[in-house]
Amino acid sequence: MLENLFSSRVKLDGKSRLVGLFPETHYIDNISFGGGAPEERLFPVAELKEAYQAAVQKEGAHAFQYHDIRGPEYLRQFLLKRAKDLVGIKNVDDSQLMLTAGGQQGIELVAKMLLNKGDAMAVEAPTYVGALAAFDNYEPTYYNVSMQDDGADLEQFEQLLQVHPEIKLFYTVPDFHNPTGITMSIAKRKHLVELANKYDFIILEDTPYRDLRYLGQSLPSVKSFDTEGRVIFLSSFSKILTPAFRIGWLVASPVVVQALTKLKLAEDLEVPYLPSATIEYYLKNNDLDEHIQSLRDLYQGKMEEMTTALNRYLPGVKVSYPEGGFFLWLELDEGIDTTKLLWENSVPKEHLVYVPSENFYANRDCKNGMRINFTGPSYQQIDDGVKRLSRMLLETSKKEFFVKAV
Ligand SMILES: Cc1ncc(COP(=O)(O)O)c(C=O)c1O
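Residues numbered from 1 in each chain as written. Predicted model: local features only at pLDDT ≥ 70, side-chain atom pairs only at ≥ 80, totals over all residues. Heavy atoms only, no water.

Peer 1: So what exactly am I meant to see when it comes to the site of the ligand here?
Peer 2: Asp-206, Tyr-209, Ser-236, Ser-238 and Arg-246 are the nearest of the 15 residues found near the ligand. A distance of 2.9 Å separates an oxygen atom of the ligand from a polar side-chain atom of Asn-178. Out of a free accessible area of 400 Å², the ligand has 92% covered by protein chains. No other element matches the four residues that helix 3 (residues 102-114) contributes to the shell around the ligand. Counted by class, the shell around the ligand contains six nonpolar, six polar and three charged residues. (Near = heavy atom within 4 Å. Polar contact = N/O pair within 3.5 Å; in protein donor to acceptor, adjacent residues only side chain to side chain. Areas by Shrake-Rupley, 256 points an atom, 1.4 Å probe, with all protein chains shown as cover. Helix = DSSP H or I, 4+ residues; strand = E, 2+ residues; numbered from the N terminus. Nonpolar A, V, L, I, M, F, W, Y, C, P; charged D, E, K, R; others polar.)

Put into structure tokens, the structure is as follows:
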């Protein structure tokens, strides 16, 4: 048995949380609210192709060589300026910036830097399933902090910290949270930093959706309130340009950047040059914020379409109404198991895919919710998909209020 040689982190009895979240279906009328993918039609394909060609032409054969782990200089300066101007991180300098292979690698490296087996960490409940998959590999002891309408419940968190002062990491998605869509209030952002200072832990602020705000005002990052260098701010080009290049970035204390760079060197030696140089040339010749605005316009329309459909076909169901991002979160009656529903009803009968709530809980102990994505499906699919959802829930729960609606 080869598996006997595997380390405990591979968890022989289980699989990655990222496998089997939802079925791949080939029904011709399939509608997916499952993934978290950007709308393909809006990838700036011609501009990226031009940028790639410019990078190769300028660098020649050297473009295909190994490169520095720091990544291209212009890109670094661009990100530092963005961190100051748009994220509100004052006094940021080059020693605090690091490029990563997507935000996902940033999460994984932070886990590797901080977590020995059994170490205590806290997560929002629910939280991003990919982060749990990365943390799982380091076998932490998880503590859950419930979500409220204005972000994590910090009173509950402080009570937890009093009992478990050994908690060393808190992972949060403060802007348009994956999966609930909730945004953390300014007061909570400040207070979270105070808690980190008081109880001596590090905050990983993961915010790939930050620029995708459709309503309301942009809020200062948690990092902007950081007084002791405890916050790691993490973002990515995946949702605002393309996920295919796998380029993310983080801002953290120099000592943290040094530790993470040491770990990244061992993982993959460098920031892939051609993807990062392509982004660099794209940024030199295009206005990223103009592109982001076109994403915002499209996604806002889709979000409104989905909330309208939910109000029409599923009145009475508890839904989060986010101000941006990719997702809405539905809370159904206790007793409804959305995983079972997905595999037994939604997919085979309605040809509809979503992500069941249990995937977003460290202990998989909440069954009656679901995450639905509105950026991927078309307007028509959004309307049809919510209708199908409503029909299925009517059959399952026999609730009166669905009857009128459909
Ligand atoms: C909250 C969150 N963090 C990180 C990621 C990973 O993104 P990337 O493509 O930058 O690795 C995602 C992707 O969906 C996400 O939703």
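Having seen the model, we can carry on.
Peer 1: How do you make sense of the environment of His-351 when you look at a structure like this?
Peer 2: Among the structural elements, His-351 can be located in the loop between helix 10 (338-350) and strand 12 (352-353). Residue His-351 is classed as buried on the basis of its relative accessible area of 16%. Expressed as a C-alpha distance, the spacing of His-351 and His-26, which sit 325 residues apart in the sequence, is 9.0 Å. Discounting chain neighbours no more than four positions away, the residues touching His-351 are Tyr-27, Asp-29, Asn-30, Ile-31, Ser-346 and Arg-388. (Buried < 20%, exposed > 50% of the residue type's maximum accessible area, 1.4 Å probe, protein only. Contact = heavy atoms within 4.5 Å.)

Peer 1: I would appreciate a short explanation of the sheet that holds strand 8 (residues 231-236) in the present structure.
Peer 2: Two orientations exist for strands paired in a sheet by backbone hydrogen bonds: parallel and antiparallel. Taken in spatial order, the eight strands of this open sheet run 2-9-8-7-6-3-4-5, and their pairing is mixed. Single-partner strands in this sheet number two, and they are strand 2 (97-100) and strand 5 (151-152). With four bridges joining them, strand 8 and strand 9 (residues 248-251) adopt antiparallel strand pairing. What sits directly across from Ser-236, in strand 9, is Gly-248. (Pairing = 2+ DSSP bridges.)

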